[in-house]
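Examination of the molecular architecture
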Amino acid sequence: MKKGLGILSATFLLLALIGCDGSGTNANEFSSDSSSGNWYDNNDDDEVDDVVDEESSSSETDSYEIDEDGVDEESSSSDTTPSSSGMESSSSSMESSSSNVESSTSSTTSTTTPLLDYELTQPFIDEGWRDECLRLLNEYRATEDLEPMTLADAEKQQCAIDQAAADMAEGAAHGHFGDCGESAQNSGPNFSTSWKSNATGAVQYYEMSMWEKEKALVEQGVTDYKKIGHYLNMKNSYSKVACGIAISADRKTGWFNMNFY
């Protein structure tokens, strides 16, 4: 895993340990703090506590977590306007070692992944945005000496789009988590397409907020999983990622899902 960012709220399972390396957590994100997205994780290895219900806020993204026993979720808010403070990473106390990552407007990969048929019909979806989704993820992972991920196949990319469309239609962050066989998910739900000029700009903002702000919280000793789930998903030992954005029929709203495999 948007101009007027809406809010998701969701329930999730708290992870017992969070300061571990990528092998220790799996989570899909629904965070109720001022972080940038929703997260969800299907964690087969780690113990999790009881499901926690997160409160919604106009500045956040959602995160969500499940264990082997089941999933408990809460629908997200329909508000599509992100606040000026909640959706941005802190410029002082929230700085991290990865803050030097550029917010370039185009992918730096040598080749550009072709847009899928659906994406070709959406003016908001710009060429190279999926490559940027991967590039930025791996640039952040490299700051912690983590192995780079690769893009999942085209079928999983399309599934992430369809899944985002279904979540948006129901107003439920991670409402279709697992439909694409993913182990974890970060989401940027219900954002206004007038918030950023294109998909690349929206993804850059979400990934920056998910990683930089939440890593800073970890460094400050925060262990509340709902506040740091996006970061944990991004640093986990997954090998592939699917990035999907769905756009509403009136082209005013978007929904971003980032699935990890």
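The following refers to the structure shown.

A look at the overall build of the protein chain
Regarding its fold elements, the protein chain presents five helices and nine strands. When the helices and strands of the protein chain are placed in sequence order, the string is β-β-β-β-β-α-α-β-α-β-α-α-β-β. Considering the protein chain as a whole, with its 261 residues, one finds that 60% of them fall into the buried category. A total accessible area of about 9,900 Å² is found for the protein chain, and carbon and sulfur atoms account for 44% of it.

Comments concerning helix H5 (residues 225-235)
By the criterion of burial, H5 is predominantly enclosed, with ten of the eleven residues buried. Regarding H5, the residues found buried are Tyr225, Lys226, Ile228, Gly229, His230, Tyr231, Leu232, Asn233, Met234 and Lys235.

Digging into the pattern of salt bridges
Tallied over the entire structure, the rule returns five salt bridges. The partner of Glu144 in a salt bridge is Lys215, with the nearest N and O atoms 3.1 Å apart. In this pair, Glu144 sits in the loop between helix H2 (129-142) and strand S6 (150-151) while Lys215 sits in helix H4 (residues 199-219), placing the two residues 71 residues apart along the sequence. Accessibility expressed as a relative area gives 22% for Glu144, which makes it partly exposed. In this structure, a network of salt bridges that share partners links the residues Glu132, Arg135 and Glu139.

Details of the nonpolar core
Within the largest apolar cluster, 36 residues are counted, with the highest numbers of intra-cluster contacts made by Ile125, Trp129, Val241, Ile245, Phe256, Met258 and Phe260. At the level of secondary structure, the elements contributing two or more residues to this core comprise H2, strand S7 (184-192), H4, H5, strand S8 (240-247) and strand S9 (253-260). Considering each element in turn, this core owes the most residues, nine residues, to H4.

Remarks on the environment of Ser183
Along the chain, Ser183 falls in the loop between helix H3 (154-170) and S7. Owing to a relative accessible area of 25%, Ser183 belongs among the partly exposed residues under this scheme. It is 8.5 Å that separates the C-alpha atoms of Ser183 and Tyr238, two residues lying 55 residues apart in sequence.

As for the packing of H4 against H5
Where H4 contacts H5, the axes come no closer than 8 Å and their chain directions differ by 110°. Classified by the interaxial angle, the pair formed by H4 and H5 is roughly perpendicular. Between H4, through Glu207, Met210, Trp211, Glu214, Lys215, Leu217 and Val218, and H5, the contact on the second element is made entirely by Lys227, Ile228, Gly229, His230, Tyr231, Met234 and Lys235. In terms of residue class, the contact of H4 with H5 is made up of seven nonpolar, two polar and five charged.

Regarding H4
For H4, built from 21 residues, the straight-helix expectation of 30 Å at 1.5 Å per residue is met to within 8% by its first-to-last C-alpha distance of 30 Å. With 19 of 21 residues buried, H4 is to be regarded as a mostly interior element. Where H4 starts, the residue carrying a side-chain oxygen 3.3 Å from the main-chain nitrogen of Thr200 turns out to be Asn198. Backbone geometry just after H4 places Gly221 at a positive phi near 95°.

Topic: the side chain of His230
The residue His230 is located in helix H5 in this model. Separated by 2.4 Å, the side chains of His230 and Glu214 make a polar contact.

Observations concerning the state of the cysteines
Under the counting rule described, the total for this entry stands at two disulfides. A sulfur-sulfur distance of 2.0 Å marks the disulfide that ties Cys159 to Cys180. Here the disulfide of Cys159 and Cys180 is left-handed, its torsion about the S-S bond being about -95°. Of this pair, Cys159 sits in helix H3 while Cys180 is found in the loop between H3 and S7, placing the two residues 21 residues apart along the sequence. What makes Cys180 buried here is its relative accessible area of 10%.

Rules of the game
Residues numbered from 1 in each chain as written. Predicted model: local features only at pLDDT ≥ 70, side-chain atom pairs only at ≥ 80, totals over all residues. Heavy atoms only, no water. Helix = DSSP H or I, 4+ residues; strand = E, 2+ residues; numbered from the N terminus. Buried < 20%, exposed > 50% of the residue type's maximum accessible area, 1.4 Å probe, protein only. Areas by Shrake-Rupley, 256 points an atom, 1.4 Å probe, with all protein chains shown as cover. Salt bridge = Lys/Arg side-chain N within 4 Å of Asp/Glu carboxyl O. Core = buried A, V, L, I, M, F, W, Y, C linked by side-chain atoms within 4.5 Å. Axes fitted to C-alpha atoms, helices over the stretch in contact; angles between N-to-C directions. Parallel < 35°, antiparallel > 145°, perpendicular 65-115°, else oblique. Contact = heavy atoms within 4.5 Å. Nonpolar A, V, L, I, M, F, W, Y, C, P; charged D, E, K, R; others polar. Expected span 1.5 Å × (residues − 1). Polar contact = N/O pair within 3.5 Å; in protein donor to acceptor, adjacent residues only side chain to side chain. Disulfide = S-S within 2.5 Å.

Purely geometric stuff here, so don't read any function into it on its own.
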